[in-house]
Structures are given as structure tokens and as C-alpha cells.
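Below, each chain spelled out in residue letters.
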Amino acid sequence: MARGLTGGAVVAGFVERTPVRQFAGTPRLGLEQWADLAADALADAGIDPREVDGLCCGGDIGESSHFIPATLAEYCGWSLNFAERLDLGGASPVGMVWRAAAAIELGACEVVVCAAAFEPRPQPPFPVDPPDSRATFGASSNAWGSPQAEFDIPFGNLGQNCGYAMYAQRYHDRFGWDSRARAKIVADQRTSACANPSAVWFGRPATIDDVLTSPMIADPLHMLEIVMPCSGGAAIVVTSAERARRLRHRPVAVVGFGEHLTHKTPTYAPDLTTTPVGPAAQRAFAMAGVAPAEVDMVELYDCYSITVLLTIEDSGFCGKGEGMRFVREHDLTYKGDFPCNTHGGQLGFGQPGLAGGMSQVVEAVRQIQGRAEGRQLERHDLAYVSGTGGIMSEQSALVLRGL
Amino acid sequence: MTTAKPRPRPTPTSQPFWDGLARHEVRIQHCAVCEAWVHYPRSRCPVCLTDRLTWETVAPEGTVYTFTVARRPTAPMFADEVPQIIAVVELGVGVHVTTTLVDTDPDDVAIGMAVSAVFEPGDDGVTMLRFRPSQGV
């Protein structure tokens, strides 16, 4: 393997909006939200905004659907040496971090802002045509010639629930049925959410039985195993380790990454019991020179309970098919022996669009920097973070180490 | 507001697949170079990337590779099919096909279950490939 990252790039600061289910604030344009997030994250890091020379954005910012990096550069007044717009769904934030780190280590740039804005935009003060409801179905393209349009959407195979449910069915059929293990992931994360005043489920603990008696949405997944959409936003600043030594917070070095993509629709995945995070994690750990068991915390993309279960297995924290036993035998809360999604995960914190996946990055940085307040881990030097896009379509992994 | 269900709209590359279904045949692409079976239809083999693909008629049968029962419609226009059994069927040649199971009790579905093709013609000239449990053993 090539040299990979050497820890020369670090996360220096972040900002995270409190996710809310019913947004009550003042709607802002996507560009405005992005600029707000950038300003706040740079202030947190202690970096002058004029020093920004790179950015990573993802998806659609609302006002523009293409030429977004240039539009953002122009809007924020930046001259950039590096710009990326990611299209990796929920894996985008993790993908932003390693791309930013790689660009910095290569000497392409020095200060990179990575942000995801997901609060409501104001209604234009004039009538607009409603969007074509048939143009897209969730994350699937209904444009002519799209494989999804021709072979999947017409059968109702669209959105995320049924795809993840089909992963879960295949997994349990092969390795045994223990829905309580899936539910325990949700319940344990809810315990951590109850220690995070920003979480949408703060103050609302849930038991395994609560999860299993919530309505069945797509067999075998219950409502409480499915992430809660909400509004929010988050940004981080990545810079060189050298510069970060002069800054406000403990630098969090990006010491390993991996990324792997195999399919768009699970029907065409090579295998529904192993997921792309396997190769991504292997590469990330090898690059960092650490074993899975050595990390102090894991922040695992958790759009669904089954995503966490498969990610625990495929990232190497236990063997294939042993995930259910692993979950039964370990305490996944912030107080436990396997701290997993210490902010509550997206299942407990909420999923503000791409800022949902960013929440896993932010929480790892927050813990490593010792800023997690009531849920602060005692050992907080080394974290593993995963990102998942589509339906186990594309996954990214990071190993972060406090300097 | 209800809108019509989204329907497949064939492309020049995929047309032979849909023509086959209209004749109650399941036609799948086969790679003349690496012998891979290919579905959905493509211009090139997703194993070796050759464009030497031929169309073969295969047995209209398979087994359930995985499935879910959508208790809530995945989009409003599918509300009339709830509980809708969305499945991936593995044909005998190994390819995976997205489909729905019809004439099936959701409680009776199991991975590995043998299923047979149901050809469902539509007013738009497109025949849908659905499946039902095979009769007998």
C-alpha cells in the first residue's frame, strides 16, 4: 500500500447546530447557512476566515445544483486551491474529511472547511412551480435510462427502508434471528442521547421492548430502528498539524481512511451479508497502524439499527455473524465497555441531512478534544468513524487520533 | 393528490428484455467472453467490460434471495399494494431481479422459497415480471 496519511492533517474545530424536528428559527438560504457554519467553525478553531483555501461540500445547497464549490468560494470571498463536491450520500462527511486531509498532506492547500447545511430555506416571495414529484424517488433516479427508473422504482423498491430491510432479512436468515440485539443498539444509543442535551431524543429513553413494539415499517425493521429526519447543520475545519499546534483546541489527526463502493441498489450488490465498510475499515486501520480493539470509541453511521450491526462486524470488531452476540455482551452506551455513537447516534441525535453523517465526525472530534461534557469518555485519544451512503452502497472509514 | 405508478420505460439496450416479457419469456444477457450472466441489461458486461453480450431465454423460475414486507407504502402510489412484498429473486442462472411477490401471504414468504414468473401486461405495452410461489415441489 502507498504511504497513506501520516497525521500531518488535523481537525482543528467544528460547529454543530442543534437538530430539531420542527424548525422554528428564521429560514436562511443554503448559501447563507453554509457561510454561517463556516464562520462559526473557523471561530471555534481560531482560524482567520481569510486563510481558508479549500472546501468540501456535498449534495445540493438549495440555490445551486451545480458549480457549487465556485459559488461558495465566490460567496465567502475565498480563493481556493482545493474544492470538492461529494456525491456519496451519508458517506460524504467522512469522505470530506479524508479528502481534505489528503489535499493538505499533499501540499495542495492549508485550511479546508467541510460543511453540511440542512435547515429550511425561505419560500421565494413569488409563485414557483412545484417540483416534479416523479423526477426522483428518495435517493433513486427516475430519469429515463436510469437503472433504478427501469428496474426498481416500478416495483416500489425505492427510498431507504425497503433496501435496508432486505439487508436485515438476508443477514438474519443466514446468521440467526435476534431482533433484540438490533433493538439493544437503539436502546443503548438512546441512553447516550439522554446525556446529550442537543439530541432530538434527549430526555426520552427507550427500552428494547419499546423498540420492538414500535410499528413495523418494513419487515423486520421497526419505526424506532429508523433514523429521524430533522433540520440542522455542521461544519469542521481541517488544517495542517503544524498550524494546529498554535490553535485553540487539541488537534485531532486524521491518521487513517478507507472508502469502498459496490452498488447503488442492493439487488445488484455482490452479497447482502457483507458491506463495503469492510475493505474501507481494513485500509483505514492498516494506514493508522492500529487494531480495531485499540480504539477508545466508535462513531458508526447509523441510519438504521442493521447498519450498526453490519458495521461492527465488517469493521472487524468481531467476526462475521458474531455481531448480535457482541451487542448482547457489550454496553454500547457512553458509560460502557464499547462506547458506540456517544452522542446518541443519528438514531438518538437525529439526522439533519448530510449533517447527520457529519455528527459522527463531530462527536469523535468533540470527545477527543475533551469537550463532550456530561458524556465525556475517560479514555478519548483514538476514534473510529464510519460513513454510509445510499443502501450500504458506499462507505467510508476514518481513524482519528488526538495529538 | 395521487399520481400514476411509475412504469418502466425501455431503452434501446433493454428493449429485448421487455420484448421477451411480452412473449412470456425471461431473457437475460450472457457474456460471450467471460460467460457471466448480466441483469439489468447493459451495453457492456459488468465483469469483463466487453460489449459481446447475447440474449438468452432462461427458465422463468427462481428462489427468493431476500425480501421485505412494506407495511407502509414506499411511495404514495403504492398504497394499494400494502402490505407489499418487495423481493429480490435469484434466477437459476444466478442473476438478481427486483420484483414483487403476488398471490402470496406475507407470513408465508421465506428466503430460499421457490417462485415462478408471473407476466403482468400493462396498458402501456410493458409487461412486468412479478413472481408467485411455485406450485408443488
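The notes below deal with the structure included here. All of these numbers come straight from a predicted model, not from anything done at the bench.

### Structural notes on the pairing of strand E8 (residues 127–133) of chain B
All names here are of chain B. Burial within E8 is extensive, with five of its seven residues counted as buried. One ladder, built from seven bridges, connects strand E7 (residues 114–121) with E8; its direction is antiparallel. Bridge pairing in E8 places Ser116 opposite Arg132. Count of turn residues in the E7/E8 antiparallel hairpin: five residues, of which Gly125 carries a positive phi of about 85°.

### Points about the interface of chain A and chain B
By a frequent convention, interface size equals the accessible area lost on bringing the separate parts together. Contacts between the two partners involve 34 residues from chain A and, on the opposite side, 41 residues from chain B. In total, about 3200 Å² of surface goes out of reach between chain A and chain B, with carbon and sulfur atoms giving 62% of it. The largest share of the area that chain A buries against chain B comes from Glu150, Phe151 and Phe155 of chain A, three residues that together contribute 22% of it. Linking chain A to chain B there are one salt bridge. Viewed at the interface, chain B and chain A are joined by 17 residue pairs in polar contact (both at pLDDT 80 or more). Those elements that place two or more of their residues in the side of chain A that touches chain B are helix H4 (147–151), helix H5 (161–175) and strand E7 (216–218) of chain A. A total of six residues in the side of chain A that touches chain B trace back to one element, the largest contributor, which is H5 of chain A. Of the residues that constitute the side of chain A that touches chain B, the class distribution is 20 nonpolar, seven polar and seven charged.

### As for unusual backbone geometry
With an omega of 5°, the peptide bond between Asp219 of chain A and Pro220 of chain A qualifies as cis. Note on placement: Pro220 of chain A falls in the loop between E7 and strand E8 (221–222). Of note, the amide linkage connecting Val82 of chain B to Pro83 of chain B takes the cis form, showing an omega dihedral of -5°. Its place among the elements puts Pro83 of chain B in the loop between strand E4 (61–70) and strand E5 (84–91). Although it is not a glycine, His24 of chain B adopts a positive phi angle of roughly 60°.

### Quick word on the pattern of salt bridges
Tallying each qualifying case throughout the model produces 29 salt bridges over all chains. In this structure, Arg71 of chain B and Asp219 of chain A form a salt bridge, with 2.7 Å as the shortest nitrogen-oxygen distance. Here Asp219 of chain A lies in the loop between E7 and E8 and Arg71 of chain B lies in the loop between E4 and E5, a pairing that spans two chains. One salt bridge connects Glu363 of chain A with Arg366 of chain A, and the closest N-O pair in it is separated by 2.7 Å. On the criterion of helical spacing, the pair formed by Glu363 of chain A and Arg366 of chain A is a turn pair, its members being three residues apart in helix H13 (residues 354–368). Both residues of the pair, Glu363 of chain A and Arg366 of chain A, belong to the buried class. Beyond isolated ion pairs, a larger network of salt bridges with shared partners links Glu16, Glu363, Arg366 and Arg375 of chain A.

### Some details on the sheet that holds strand E1 (residues 9–16) of chain A
Note: strands within a sheet are paired through backbone hydrogen bonds, in either parallel or antiparallel orientation. All names here are of chain A. Here nine strands make up an open sheet; going across it, the order is E3-E2-E4-E9-E1-E10-E13-E12-E11 and the pairing mixed. Each edge of the sheet is formed by a strand with only one pairing partner; in this case those strands are strand E3 (82–86) and strand E11 (297–299). Each adjacent strand pair in this sheet contributes to an overall mean axis angle of 25°, direction not counted. Judged from the nine bridges that link them, strand E10 (residues 252–261) and strand E13 (residues 394–402) form a sheet pairing that is antiparallel. Bridge pairing links Glu259 to Ser396 in E13. Packed on one face of the sheet, helix H9 (residues 277–288) meets E10, strand E12 (382–389) and E13 and runs near 150° to E10.

### Description of H9 of chain A
Residue and element names in this part refer to chain A. In a regular helix each residue adds 1.5 Å, so 12 residues correspond to 16 Å; H9 covers 16 Å between its end C-alpha atoms and thus fits that length. Looking only at H9, the buried set comprises Val277, Gly278, Ala280, Ala281, Ala284, Phe285, Met287 and Ala288. Residues of H9 that are buried in the fold lie against E10, helix H10 (305–314), E12 and E13. Directly after H9, the chain includes Gly289, whose backbone phi takes a positive value near 70°.

### Quick notes on the packing of helix H6 (residues 179–193) of chain A against H10 of chain A
Residue and element names in this part refer to chain A. Running from N to C, H6 and H10 point in directions that differ by 100°, and their axes come no closer than 8 Å. If you check the angle between H6 and H10, you find them roughly perpendicular. Two secondary-structure elements touch here, H6 through Arg182, Ile185, Val186 and Gln189 and H10 through Ser305, Ile306, Val308 and Leu309. Class assignment for the residues of the contact of H6 with H10 results in five nonpolar, two polar and one charged.

### What about the packing of aromatic side chains?
Two numbers describe a pair of aromatic rings. These are the distance of the centres and the angle of the planes. All told, the structure shown has 14 aromatic pairs over all chains when counted by the stated rule. Plain terms: the ring middles of Phe151 of chain A and Tyr40 of chain B are 6.0 Å apart, the flat faces sit at 15° to each other, and that makes the pair stacked. Taken together, the residues span two chains, with Phe151 of chain A in helix H4 and Tyr40 of chain B in the loop between strand E2 (37–38) and strand E3 (53–58). Using a relative accessible area of 5% as the deciding quantity, one classes Phe151 of chain A as buried. Look at Tyr40 of chain B and you get buried, because its relative accessible area is 17%. Seen in terms of ring centroids, Phe285 of chain A and Phe317 of chain A are 6.1 Å apart; in terms of plane orientation they differ by 80°. Their pairing is edge-to-face. Of this pair, Phe285 of chain A sits in helix H9 while Phe317 of chain A sits in the loop between H10 and helix H11 (323–329); the two residues are 32 residues apart in sequence, bridging distant segments of the chain. Of the two residues examined, Phe285 of chain A and Phe317 of chain A, each falls in the buried class. Of note, Arg190 of chain A hangs over the ring of Trp201 of chain A, and the distance from its end group to the ring centre comes to 3.9 Å.

Conventions and cut-offs
Position numbers for residues start from 1 in each chain and track the written sequence from start to end. Naming scheme: in the order in which they are written, chains are lettered from A and ligands are numbered from 1. Owing to the predicted nature of the model, reporting of local features is limited to residues with pLDDT of at least 70; listing and counting of side-chain atom pairs is limited to 80 or more, with chain, interface and lining totals taken over all residues. The basis for every side-chain value is the complete set of non-hydrogen atoms in the structure, without hydrogens or water. Relative accessible area decides the class of each residue, using a 1.4 Å probe on protein chains only: under 20% of the type maximum gives buried, over 50% gives exposed, and in between gives partly exposed. Runs of H or I in DSSP of at least four residues are treated as helices and runs of E of at least two as strands, each being numbered from the N terminus. Pairing between strands requires that DSSP locate at least two bridges from one strand to the other. Contacts were defined at the residue level, with two residues in contact if any of their heavy atoms lie within 4.5 Å. Buried area is a sum: the accessible area each of two parts loses on coming together, probed at 1.4 Å, counted once for each and added. Between Lys or Arg on one side and Asp or Glu on the other, a salt bridge is scored when a side-chain nitrogen of the former is within 4 Å of a carboxyl oxygen of the latter. N or O atoms closer than or at 3.5 Å make up a polar contact, with two conditions inside protein: a donor-capable atom paired with an acceptor-capable one, and, for residues adjacent in sequence, both atoms drawn from side chains. Under the scheme applied here, ten amino acids are nonpolar (Ala, Val, Leu, Ile, Met, Phe, Trp, Tyr, Cys and Pro), four are charged (Asp, Glu, Lys and Arg), and all others, including Gly, are polar. Every axis corresponds to a line fitted to the C-alpha atoms, with the helix fit spanning only the stretch in contact, and the corresponding angles, defined between N-to-C directions, vary from 0 to 180 degrees. Residue count minus one, scaled by 1.5 Å, sets the expected span of a helix. Here the word oblique covers every angle except those under 35 degrees (roughly parallel), over 145 (roughly antiparallel) and from 65 to 115 (roughly perpendicular). Two rings belonging to Phe, Tyr or Trp (six-membered ring only in the last case) form a pair when the distance between their centres is within 6.5 Å. Interplanar angles under 30 degrees mark stacking, angles over 60 mark edge-to-face geometry, and anything in between is tilted. Charge-over-ring contacts are defined here by two conditions on Lys NZ or Arg CZ: a distance within 6 Å of the ring centre and an angle within 35 degrees of the ring normal.

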